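Chains, contacts and geometry: an overview
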Amino acid sequence: MEEEKKTPLLEMKKIDKSFPGVHALKEVDFTLNTNQIHILLGENGAGKSTLIKILAGIYQADGGEILIEGIPTFILDARTGRDLGISVIYQELNLVPDLSVAKNIFLGREPLLPGILRRVDWAKAESESREVMRRIGANIDVQAPVRSLSVADQQTVEIARALAFDCKILIMDEPTSSLSGHEIEELFKSVSRLREQGVGVIYISHRLDEVHKIGDCVTVLRDGDYMGTWEVNAVDLDFLITQMVGRTLDEKFPWTPRERGEVALKVNGLTSLGVFEDISFDIRSGEIVGMAGLVGAGRTEVARAVMGADPVESGSVEMTRATKEKEESQRLPHYSIWTALADIMVFMLALPLFTVVFQGIYDPVTLNMRTPPPLFSASWFYEWIIGGPKFNILDNPAPYLSGLAIGIIRQVGLWFMTRQHAWLTMWRDFGIWNAFAIFTMVIASFFTQNFKTEWVMITGGVGMVVLRFLFILNHERKWTPILAIRRGLGLLPEDRKVQGLTQVLSVAVNMTSANIRRVINRFFINMAMEKDLVDEHIGQLSIATPTQDTLVRFLSGGNQQKVVLAKWLFRRANVLVFDEPTRGIDVGAKFEVHSQMLKLAENGAAILMISSELPEILGMSDRVLVMREGRLTANIPREEATQESILRFAMVTQESQEVASDSVSNGDNQ
Amino acid sequence: MRTASTLNGDKLIFGYSVKEISWDRIIMIGAFAALMAFYSIATENFLTLDNFMNVVRRDAWLFFLAYAQTMVIVSGGFDLSQGSIMSIVSVMAWSAMLHFGFFGGLLIGLSVGTLCGLINGYLIGVVRVYPFIATLGMLFVGSGVAQLWTGGLQMGGAREGAILPKHVEDAYVTLSKGSLGPIPLPVVWVLIALVVCWYLLKYTRFGTYVYALGGSEETAVSAGISFSRMKIAIFGLSGLFCAIAGLLLSAGVSAAGEPRLGGGDQLLQSIGATIIGGTYIFGGRGGVLGTTLGVLLIIFLVNGLNIMGIDTYRQQIIVGLVILAAIWVSTLREKKK
Amino acid sequence: MANVAPLYEVNLWNRISTSLNLEKFGILVAFILMMLVFYILQLLGYVNNFIEIHNLTNQLRNASLLFFIVAGQSMVLLVAGIDLSQGSLLSLSSVVMAQGILDFGIAVGVLMGLAIAIMFGFVNGYLIGKIKIQPFIVTLSMLFICQGIALVFTGGRTIHQFTGRQKDILQAIGLTDFYYIPGVFFIALAFFVVLHLILTRTALGRAIYLTGGNEEAARLTGIDTGKVKLICYLISGITVGFTTFLYLARVPVANGLLGFQLEFQSLAATVVGGTTFEGGQGGVIQAVLGTLFITFLLNGLILLGVGTFAREVALGAMLIAAVILTARRRQE
């Protein structure tokens, strides 16, 4: 495609940037013209994020120069960047959820009405927002709070915002990562419109199929090095991949066939509204099941639901584990009419009994405490309990009836709500009843000198019932991480720094955090034993850390991941969920993690591996599950799995998609 | 597309869609009405115009505290030092009035309060200390300074020692006890404050930025909103309002400089009113209209208890319980979302 | 791929403080410096009787008393919480205890006081741990509720009419010294040992640090963070109960304002000692250091002639300074 020779919109020459320990960009060149969509490709750590952050003004380059429309420019900070017409749309949406679309678009640049009151011209803001929406062909209500929009619409709002400020250079960082089929099409339409209007777009994506769909030219970075720029039509994906990776897809994985055992994890019909639907699968011990899918398909959410970390609307997770720990749930009696009756009897008798006890302690008339007789006196016991105030049902049936009523109400309520464990809560409810009664008595004493103890008891009882119901209503989640972990589940979260480890604590503490009991000796931790075991795991996994007690935050990403893995090994978890296990990790550590995974499987663990890296999925899995937009679309055995087939199940196929070779799909991790 | 709805002040609360609001408001108004009904039945003098006017006159200070707290909370922060600032202003204004007359003292009082607020804002916005800690420190230091200033004694009022000249004292007292025709002056102040705050939050850039900071600090900062300047401004404003509250309360009680003025549960009530009024504790949502309702709820609750003859200690317990319960409920509802 | 950029600000101050282990030793150094300063002042004649045996004994006694609630506050701060109700709970507990002693004898009275402190500690812990309401608001409300109850209970009066015999027993516990070391010091020491063991050598201790350091990660590791928080607030309540008893043992007087603003000191001592508001960092050793620092600082200031309120200001300033120095700040 011939282009006029004109000054490029943007030229970055020999940009160099280093951070402590990382040489992020090594004399990188980058040129962008107007009316162009320029795709930036590269693996994790290749430097894409760093480059655009320099352009956005967030970092300053150590070397090299930047020319905008031929003029050397120094982008001091984000504001300068914006003033120069550079807008960035990040992956994590940068919107204020509770403000309206128009307010978000004009955030920081609200138009003012003339006059000293400095009143904002919302009408103008809204009408201009509508105008922008029209320009990108979107149909979004500018008064709606951003929170109420879908993710795709929110992204469109971001684009609108960029456009509203006359940006010349638009940078989009993985914009389609949370979008699906037709939303992506809409996005492409908007971006194309932008291109027509003269904007230069820098587009970062991990989805190779998008290169040919929307790009005009493509630049590849690898480990901070500039590999080259080509027109999109001149190259094919294999070539690009080789440039990105320096290798063909022939990665080595330590996979060997192994025996499968019993089903260790069984997920049935798991549904979380709006996130995923009807997820069912099994994993046998000894199996490694890969879960593929585009980012946003719901894989991490499923993992968290399996862990019990997030509530679900329906479905179940079952785990079987041969373990010495007794299954508590098996010891709990189920609901039956006999336990119900017994429960009610207890409450019926409790009220008068308590009344007696309390009347024994408190003098209801003067509300002073009675002087209790000396403790440990036999006569006291006799007098109080045996020879104490007699109660005859016929004389005063009220307490019994109220007790009966409370007992029945409680039972009926429990029946409707839980159908189980009513027996267990009885003692706790007693305690609560007591507490309530005392509390009520104290409060009542403020207002009056004269009240009947029975009323106090009844009020207390009512309060107890209400509270019990509130507890039950609040107890939405039955499946909790604690239960899951006890049954042998372990999760290595996607965001290991934030969710997997406690950064301010040491390697040793983190490692033993899931299973302290192992090193406990009659209440106290056996420090020597802990030290030895931790050392053992450090050696086993080759964790590079100066000492056991080094704080985890000083370790590199790969080593941190190893600590997380060690944590579950320490627990001897036998169902493990790896969520993006090797994201952001160097090659050497990657291989080690894979080897460990295999070893675990050989020892009988059941492994679910969520990954966005297809070679990893293909290389390590015995079976591949594919998720697409919250649904499981495929369950492919290893022999039949290919990149094409997986991709086909992972992506929407409305029209014929180009399932060209596929992707080493990566997420940026700077 | 929805057609643009008319911006009727009552219905469209900034940042909230009308649908979401209804429930909160309805429940609150319902609770309020129930409370009123209960008191009307239980006591004699409750449901009179006189009583209402008096209540607002006496407790106008809470409005100011709560409005300030609302703005701070909406922007994502917390101001724990409100009580102490009230104390400081109370004593320093009194001293200043002794030497500089009413208006001089007034001016100095307001300035001192604003200064404290600005210091808070500086610590939070520039030094980047967590608001909780910064204002907690200001709370400690402030209450100490207030007491230091007077040597622990109350100034003026019933005590011996220097007394304000009569005309000054009268002017001071008028702040709280005067009336504009049939309307008590404090009501006027509150209405002015309400309008000002409401306008600020809804129609100025400043107001939008307050919500933005609370809703998503990152977004706000990357949109070019100056974190430090906003925080300084917001807390400075809070300081100013606390100063007004302190002056009003002192004026209403005894026109004295009371170093322990803010030592009671003012802070709790101000936070309580804000949260009850529907402001989200982490910021981004809420507004002064809701807070007004919250304040009304609290002051009438206390008023009713007063009329029923319950002593202040018991009132304290009940108010504490009510606020705790309200926040409990608010927390539960947030969890469901 | 090589190292990931560290999470915290890499600036000069952080580098210095990490390499010197400033967090742990800073306060010790500060303490020694402060003692030196006052000693010099004493030598210069501005201060009488600072480094002097009776003063030291008294201060050690005060510090021992303070230590309990500081330890309780530390536990709470470790799980990223705060307990503002300590002071008023102490007041309430003291009046209940005092009245109980008057009515039923020392044993029962003490138990009653302890019971009420524990009960409120439990309520705090429950609301914060299980219902997950903001700790600040819960304990602030409790502050006023407890104070109100205490004042209602006593009608604003003071309870002091103990019999001579009761006073003797109480003061025997509170005021006995063994060769110039107060008896309560040993109690505090024992408590210190127990708490330190719990924090460093038991599963509960680990759970506390994990919960405070990163609550979500702890949850995903199978720790019941709600229960851990509840236990911490419960411990805080227990420590308040102990302290109440020791207060009465020292001076047998109880009223609704006994613990007024005590939480100021408690928080200041906790933070100055090195336990942070973010949770996961700190411990009982820090509590000890902080207690000693604050106690002797206040003592020095009193001897220097500084007035009550100036001392409050000093306390507040210490708190802010300590926090600014030790807390990790939010990123730019």
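Above this note sits the structure.
Let me begin by describing the structure that accompanies this report.

Criteria and cut-off values
- Residues numbered from 1 in each chain as written.
- Chains lettered and ligands numbered in written order.
- Predicted model: local features only at pLDDT ≥ 70, side-chain atom pairs only at ≥ 80, totals over all residues.
- Helix = DSSP H or I, 4+ residues; strand = E, 2+ residues; numbered from the N terminus.
- Buried ≥ 20, exposed ≤ 12 C-beta atoms within 10 Å, placed from the backbone.
- Pairing = 2+ DSSP bridges.
- Axes fitted to C-alpha atoms, helices over the stretch in contact; angles between N-to-C directions.
- Contact = placed C-beta atoms within 7 Å.
- Nonpolar A, V, L, I, M, F, W, Y, C, P; charged D, E, K, R; others polar.
- Parallel < 35°, antiparallel > 145°, perpendicular 65-115°, else oblique.
- Left-handed = near helix turned anticlockwise from the far one by under 90°.

Helix and strand counts for chain A stand at 23 helices and 21 strands. Among the 670 residues that make up chain A, the fraction classed as buried is 44%.

With that out of the way, let us pick up the sheet that holds strand 19 (residues 606–610) of chain A. Residue and element names in this part refer to chain A. With respect to topology, six strands assemble into an open sheet ordered 15-18-19-13-20-21, the strand pairing being mixed. Edge positions in the sheet fall to strand 15 (489–492) and strand 21 (631–637), since each of these pairs with one other strand and no more. Each neighbouring strand pair of the sheet contributes to a mean axis angle of 20°, computed without reference to strand direction. Along the sheet face, helix 9 (residues 299–307) touches strand 13 (288–293), strand 15, strand 18 (575–579), strand 19 and strand 20 (623–628) and points at about 150° away from the line of strand 18.

Residues and elements named next belong to chain A. The three strands lie next to each other as 12-11-14, forming an open sheet whose pairing is antiparallel. Two strands lie at the open edges of the sheet, namely strand 12 (276–284) and strand 14 (314–319), each paired on one side alone. The mean inter-strand angle of the sheet, taken between neighbouring strand axes irrespective of direction, is 5°. Sheet strands in contact with helix 9 are strand 11 (263–272), strand 12 and strand 14, and its direction is about 115° off that of strand 11.

This part takes up helix 2 (residues 49–58) of chain B. Along helix 2 of chain B, the positions that sit buried rather than exposed are B:V55, B:V56, B:R57 and B:R58. Buried-residue contacts for helix 2 of chain B involve helix 3 (60–74), helix 6 (166–177), strand 2 (183–184), helix 7 (185–203), helix 10 (227–253) and helix 12 (288–307) of chain B.

A separate point is the interface of chain B and chain C. Facing 29 residues of chain B, the contacting portion of chain C comprises 33 residues. Secondary structure elements with two or more residues in the side of chain B that touches chain C: helix 5 (131–150), helix 11 (266–276) and helix 13 (312–336) of chain B. For the side of chain B that touches chain C, the leading source of residues is helix 13 of chain B, giving 11 residues. Here the side of chain B that touches chain C is built from residues that sort into 18 nonpolar, eight polar and three charged.

Once that is clear, we can look at the pairing of strand 11 of chain A. Residues and elements named next belong to chain A. Here strand 11 pairs with strand 12 via six bridges, running antiparallel. By the bridge assignment, L270 is partnered in strand 12 with I279. Turn length for the strand 11-strand 12 hairpin, with the two strands adjacent in sequence and antiparallel, is three residues, and the turn residue G274 shows positive phi of about 85°. Note: strand 11 against strand 14, five bridges, orientation antiparallel. In the strand pairing of strand 14, N268 is matched with S316.

Across a regular strand the side chains alternate sides, sitting on one face of the sheet and then on the other. Residue and element names in this part refer to chain A. As judged from the six bridges shared by strand 9 (residues 217–222) and strand 10 (residues 225–231), these two strands associate in the antiparallel manner. Each bridged residue has a counterpart across the sheet, and for V218 the counterpart in strand 10 is W230. Where strand 9 hands over to strand 10, the hairpin turn is made up of two residues, of which D223 adopts a positive phi near 50°.

Both trends apply: most residues other than glycine have a negative phi, and most peptide bonds are in trans. Residue and element names in this part refer to chain A. In this structure, R572 takes a positive phi of about 55° despite not being glycine. Of note, R572 is situated in the loop between helix 20 (557–571) and strand 18. In this structure, E580 takes a positive phi of about 50° despite not being glycine. When you line up the elements, E580 lands in the loop between strand 18 and helix 21 (587–602).

On to the packing of helix 3 of chain B against helix 11 of chain B, then. All names here are of chain B. Contact geometry of helix 3 with helix 11 gives a least axis separation of 8 Å together with a crossing angle of 60°. Compared by their axis directions, helix 3 and helix 11 come out oblique. The crossing of helix 3 and helix 11 is right-handed. Mapping the contact onto sequence places L62, L65, A66, Q69, T70 and I73 in helix 3 and Q266, Q269, S270, I271, A273 and T274 in helix 11. Residue classes in the contact of helix 3 with helix 11 are distributed as six nonpolar, six polar and no charged.

With that settled, the discussion passes to the environment of C:G237. By secondary structure assignment, the location of C:G237 is in helix 11 (residues 225–250). Placed 174 residues apart in sequence, C:G237 and C:A63 show a C-alpha to C-alpha distance of 19 Å.

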